[in-house]
Amino acid sequence: MKKAAGATDAAPKVVTTLSGIPVAPVYGPEHLTGFDSARDLGEPGAFPYTRGIHRTMYQGKLWTMRQFAGFATAEETNRRYLYLLEQGQTGLSVAFDLPTLMGFDSDHPASVGEVGKCGVAISSLEDMETLFRGIPLGDVSVSMTINSPAPVIWAMYLAVAEQQGVEWSRLNGTLQNDILKEYIAQKEYIFPPRPSMRLVTDVIEFATRHVPRFNPISISGYHIREAGSTAVQELAFTLRDGIEYVEWTLARGLAVDEFAPRLSFFFNAHNDFFEEIAKYRAARKMWAYIMRDRFGARNERSMKLRFHAQTAGCSLTWQQPYNNVVRTTLQALAAVLGGCQSLHTNSLDEAYALPSEHAVTLALRTQQVIAYESGVTAVPDPLGGSYYLEWLTQQMEARAQDYIRRIDEMGSMIAAIEQNYPQREIAQASYAYQRAVEAGERIVVGLNAFRSERDEPIEILQIDDSAARKQQERLAALRKRRSATRVAAALDAVRRAAEGRENTMPYLLDAVRAYATLGEICDALRDVFGTYQESSVL
Amino acid sequence: MERPIRVLVAKPGLDGHDRGVKVIARALRDAGMEVIYTGLRQTPEMIVNAALQEDVQVIGLSILSGAHNAIVPRVMELLKEKGMDDVLVIVGGIIPDEDVAHLKKLGVAAVFQPGASLEQIVNFIRSSVQQAASPGL
């Protein structure tokens, strides 16, 4: 047998989870001293929801199969959406390109080389109309991964619903709108933290009053994990971010049970199978207690942590890409056993590029096999009661509590971010992991062990510069066609609203209806809020 | 004692995924090099100016967004304009095989794709800088 690099026959060293939690050789009741079934576990569908938010879980309703997709222009992405819906996908998830995420139009100098590369380019309401052509927004739920410019993009979405004659009260979907994890991990921010938090709160407030079935935020650990954090850090920073959003919305004058049922979460599904399941269970339990005891929620729906999961992009390898199908399957299974409400499975080619149609179909089929063939959907929380899993769930909780306490002591997550605290913790964890891979202490199949001479070639989706050209032409035509005076007046109104204390959403809606572009609206906000530069820490 | 190798690591373009660039910066520092990290969203002009001011021997560019064919040629052009052709430029990130040859033709010394080890990168920089320092040997 071929030996893994670094593996030896010497005395067994301490086994740890992927996050570095030391694991005993075997687990039994002695590891669960102090474990109280009523307090720690409960029944499925009952407080503290450790075992899941529904009594029947997937027998009642399967998770939503939601593949994150977007590339090139709205036209091309619209074709991909229609294809995915035809293949049995049950919800849409929009990936925007980097200029859109940063609030730049496709024809801005900073957009050169980036248009349509990492997602779809959306610069105006016109692009949004094209994106959802032939897709009834009253029937299909849509998730949008957008953060700093989230209120503007959401305004475009609401305007398209209006055009389709769909009442806002019927709209289902999710806006990511989680700016804190941008400062912590993904770094796609425009404005400084406080005005950004004001915009987040504007969206939550507006959704509560006018779009009640829409999730106005998806509090995300996914990107924190992708940036190299441990599972514990992912759990802790995400829940602490959630606390910060609740505090800001309460300060706006909303009652906790008015908006908390619509807060949603987004977690990573990484390699360590049991640790991931423990993470989801601990997250539900911790959130239930936080909402009940820290914020005095009375409505059960405020206490139920609903989450989307995505398999770990950072676990995929460029080497032996077909292995990625297997990794993704295991990660998806962990998310399902952990009780997710919706799931994205990565495609085998995503270490190279955005997925090809062939690869994304296989990724969707992976979910369908788990859902319809594996039998794991028969009962809620099938692993509940496992000594190891219950112990690990407690470990995740205790370690995450420590982090939350530390951040509470700093005063707020914004304060912690300004001190670079979560950023530094993550950078340390990611460096330690990379060192362990290099030393052969962590095995990555096909990378530092079990290597092949030659990898099977795979088909790669190519995005050429025609997307950028088409966008530039469309934008030029739009700017000529629309009423310049109406645009200027709408942008002035956005600026005044941003300077004041009113909710900005109605003004953003007027601006997008006038076909002011994303870049123009974000510039108006930049005029008032300024922009943010992090102090770079290594 | 020998002067330590000075490296500027930079993250051009709009992408904020800085896990890789931070790991590389730490590894180079642990290997005894002097590392200057520019931070995010640097234009080619900002990068080349920083390289000039910091008097570095090496520039490392981390690009994951697919914008390398727009960004790297501009960096190389500016280096040439400023007479800094002797600076070693390396690129790391998601760079398809078919683009590697093109980048090398522009003068990029090496392209490190996903899965490249820190050791490989450190060794490449050391041997390239030493060679440049002693051309006759």
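All figures in this text were calculated on a predicted structure; none of them were measured in a lab.

Outline the overall build of chain B, supporting the account with residue identities and numerical values.
When helices and strands are tallied, chain B shows five helices and five strands. Counting from the amino terminus, helix and strand elements in chain B follow one another as β-α-β-α-β-α-β-α-β-α. Compactness check: chain B gives a C-alpha radius of gyration of 14 Å against a globular reference of 14 Å for 137 residues, within 12% of the reference. Principal-axis analysis of the C-alpha atoms gives chain B an extent of 40 × 30 × 30 Å. Counting all 137 residues of chain B, 52% fall into the buried class. The long-range fraction of contacts in chain B, counting pairs at least 24 apart against all pairs at least 6 apart in sequence, stands at 70%. Total accessible area on chain B stands at roughly 6200 Å², and carbon and sulfur atoms take up 52% of it. Separation of charge centres in chain B, based on 14 positive and 16 negative side chains, amounts to 4 Å.

Tell me about the sheet that holds strand β8 (residues 214-215) of chain A, and please be specific about residues and values.
Backbone-to-backbone hydrogen bonds pair the strands of a sheet. The strands run either parallel or antiparallel. Residues and elements named next belong to chain A. Read across the sheet, five strands follow the order β4-β5-β6-β7-β8 without closing on themselves; strand pairing throughout is parallel. Edge positions in the open sheet fall to β4 (68-69) and β8, since each of these has one partner strand only. The strands touched by helix α5 (residues 150-164) are β6 (142-145), β7 (173-175) and β8; relative to β6, the strand with the most contacts, the crossing angle is about 150°.

Account for the nonpolar core, with residues named and values stated.
By size, the foremost hydrophobic cluster in this structure holds 101 residues, and its most contacted members are A:Trp63, A:Phe237, A:Trp287, A:Met291, B:Leu28 and B:Ile125. If you tally residues by element for this core, the top one is helix α11 (residues 273-294) of chain A, at ten residues. Apart from residues lying up to four places away in sequence, A:Trp63 is in contact with A:Tyr58, A:Val336, A:Cys340, A:Gln341, A:Ser342, A:Leu343, A:Gln367, A:Ile370, A:Ala371 and A:Thr377. Judged by nonpolar contacts, the second largest core, of 67 residues, contains A:Ala150, A:Leu171, A:Ala498 and A:Cys522.

Break down the pattern of salt bridges for me, with residues and values.
Residues and elements named next belong to chain A. All chains considered together, the criterion is met by 46 salt bridges over all chains. The shortest N-O distance in the salt bridge between Lys285 and Glu397 comes to 2.7 Å. Remark: Glu397 occurs in helix α15 (residues 387-410) and Lys285 occurs in helix α11; sequence separation between them is 112 residues. Taking relative accessible area as the criterion, Lys285 reaches 6% and is therefore assigned buried. On the basis of relative accessibility, which here comes to 17%, the residue Glu397 falls in the buried class.

Describe the sheet that holds strand β12 (residues 342-344) of chain A, and please don't skip the residues or the numbers.
All names here are of chain A. Read across the sheet, five strands follow the order β3-β12-β11-β10-β9 without closing on themselves; strand pairing throughout is parallel. In the strand order of this sheet, the two ends are held by β3 (64-65) and β9 (217-220), each with one partner. Bridge count between strand β10 (residues 263-269) and strand β11 (residues 307-311): five bridges; the pairing is parallel. Each bridged residue has a counterpart across the sheet, and for Phe267 the counterpart in β11 is Ala309. Against the sheet, α11 touches β10 and β11, its axis set at about 160° to β10.

How would you summarise a nonpolar patch on the surface if you had to cite specific residues and measurements?
Nonpolar side chains collect at one region of the surface, where A:Ile443, A:Val445 and A:Phe450 lie side by side and expose about 220 Å² of accessible area between them. For A:Val445, the position within the fold is in the loop between α17 (421-438) and α18 (466-481).

Give a description of the interface of chain A and chain B that names residues and reports values.
Chain A puts 39 residues into the contact, and the matching count from chain B is 34 residues. At the junction of chain A with chain B, the criterion picks out two salt bridges. Here B:Asp30 ties to A:Arg435 by a salt bridge, and the two come within 3.8 Å at their closest N and O atoms. At the boundary of chain A and chain B, one finds 13 residue pairs in polar contact (both at pLDDT 80 or more). Secondary-structure elements contributing two or more residues to the side of chain A that touches chain B are α3 (98-101), α6 (180-186), α8 (222-226) and α17 of chain A. With eight residues, α17(A) is the largest single contributor of residues to the side of chain A that touches chain B. Considering only residue class, the side of chain A that touches chain B consists of 20 nonpolar, ten polar and nine charged.

Could you give an account of the packing of aromatic side chains, with specific residues and numbers?
Residue and element names in this part refer to chain A. One pass over the full model with this rule turns up 27 aromatic pairs over all chains. An angle of 5° between the planes, with centres 6.3 Å apart, marks the rings of Phe265 and Phe267 as stacked. Neither Phe265 nor Phe267 differs from the other in exposure class; each is buried. With a centroid separation of 5.3 Å and an interplanar angle of 90°, the aromatic rings of Phe273 and Phe274 are classed as edge-to-face. Three or more aromatic residues link up through ring pairs in this structure, and these residues are Phe132, Trp154, Tyr157, Trp168, Phe206 and Phe214. Seen from the ring of Tyr403, Arg406 lies directly overhead, with NZ or CZ sitting 4.9 Å from the centre.

Tell me about the environment of A:Asp408, and name the residues and values.
Residues and elements named next belong to chain A. With respect to the element layout, Asp408 can be found in helix α15. Judged by its relative accessible area of 29%, Asp408 falls in the partly exposed class. The spacing of Asp408 and Arg240 is 168 residues in sequence and 8.4 Å in space, taken between C-alpha atoms. A polar atom in the side chain of Asp408 sits 3.0 Å from the side chain of Arg294.

With reference to specific residues and values, describe α15(A).
Residues and elements named next belong to chain A. Taking 1.5 Å of rise per residue, 24 residues should cover 34 Å, and α15 covers 35 Å from first to last C-alpha, within 8% of that figure. If you check which residues of α15 are buried, you get Leu389, Glu390, Trp391, Leu392, Thr393, Gln395, Met396, Glu397, Ala400, Tyr403, Ile404 and Ile407. Elements in contact with the buried residues of α15: β2 (22-23), α1 (37-41), α9 (231-251), α11, α16 (413-418) and α17. A positive backbone phi angle near 110° is found at Gly411, which sits one or two residues after α15.

Describe the environment of A:Arg170, listing the residues and the values that go with them.
Residue and element names in this part refer to chain A. Residue position: Arg170 is located in the loop between α5 and β7. Here the alpha-carbon distance between Arg170 and Ala110, two residues 60 residues apart in the chain, equals 37 Å. Residues contacting Arg170, with those up to four places away along its chain left out, are Gly138, Asp139 and Arg213.

Before we move on, could you go through the packing of helix α19 (residues 484-499) of chain A against helix α21 (residues 518-529) of chain A and cite the residues and values that matter?
All names here are of chain A. Running from amino to carboxyl end, α19 crosses α21 at an angle of 35°, the nearest separation of the two axes being 9 Å. Helix-helix and strand crossings are classified by hand; for α19 and α21 the assignment is right-handed. For the pair formed by α19 and α21, the contact residues are Val487, Leu491, Val494, Arg495, Ala498 and Glu499 on the first element and Glu520, Ile521, Ala524, Leu525, Asp527, Val528 and Phe529 on the second. Its residues placed into classes, the contact of α19 with α21 shows nine nonpolar, no polar and four charged.

An account of the side chain of A:Arg281 is requested, with residue identities and associated values reported.
All names here are of chain A. Within the fold, Arg281 resides in helix α11. A residue is classified by how much of its surface remains accessible, and Arg281, at 0% relative accessible area, is buried. Not counting chain neighbours up to four residues away, the residues in contact with Arg281 comprise Leu41, Thr50, Arg51, Asp381, Gly384, Leu389, Glu390 and Thr393.

Scoring rules and cut-offs
- Residues numbered from 1 in each chain as written.
- Chains lettered and ligands numbered in written order.
- Predicted model: local features only at pLDDT ≥ 70, side-chain atom pairs only at ≥ 80, totals over all residues.
- Heavy atoms only, no water.
- Helix = DSSP H or I, 4+ residues; strand = E, 2+ residues; numbered from the N terminus.
- Rg over C-alpha atoms; globule rule 2.2 N^0.38 Å.
- Buried < 20%, exposed > 50% of the residue type's maximum accessible area, 1.4 Å probe, protein only.
- Contact = heavy atoms within 4.5 Å.
- Areas by Shrake-Rupley, 256 points an atom, 1.4 Å probe, with all protein chains shown as cover.
- Lys, Arg positive; Asp, Glu negative; His and termini not counted.
- Charge placed at Lys NZ, Arg CZ, Asp CG, Glu CD.
- Pairing = 2+ DSSP bridges.
- Axes fitted to C-alpha atoms, helices over the stretch in contact; angles between N-to-C directions.
- Core = buried A, V, L, I, M, F, W, Y, C linked by side-chain atoms within 4.5 Å.
- Salt bridge = Lys/Arg side-chain N within 4 Å of Asp/Glu carboxyl O.
- Patch = residues over 30% accessible without salt bridge, like charges linked within 9 Å, V, L, I, M, F, W, Y side chains within 5 Å.
- Polar contact = N/O pair within 3.5 Å; in protein donor to acceptor, adjacent residues only side chain to side chain.
- Nonpolar A, V, L, I, M, F, W, Y, C, P; charged D, E, K, R; others polar.
- Phe/Tyr/Trp six-rings, centres within 6.5 Å; stacked < 30°, edge-to-face > 60°.
- Lys NZ or Arg CZ within 6 Å of the ring centre and 35° of its normal.
- Expected span 1.5 Å × (residues − 1).
- Left-handed = near helix turned anticlockwise from the far one by under 90°.

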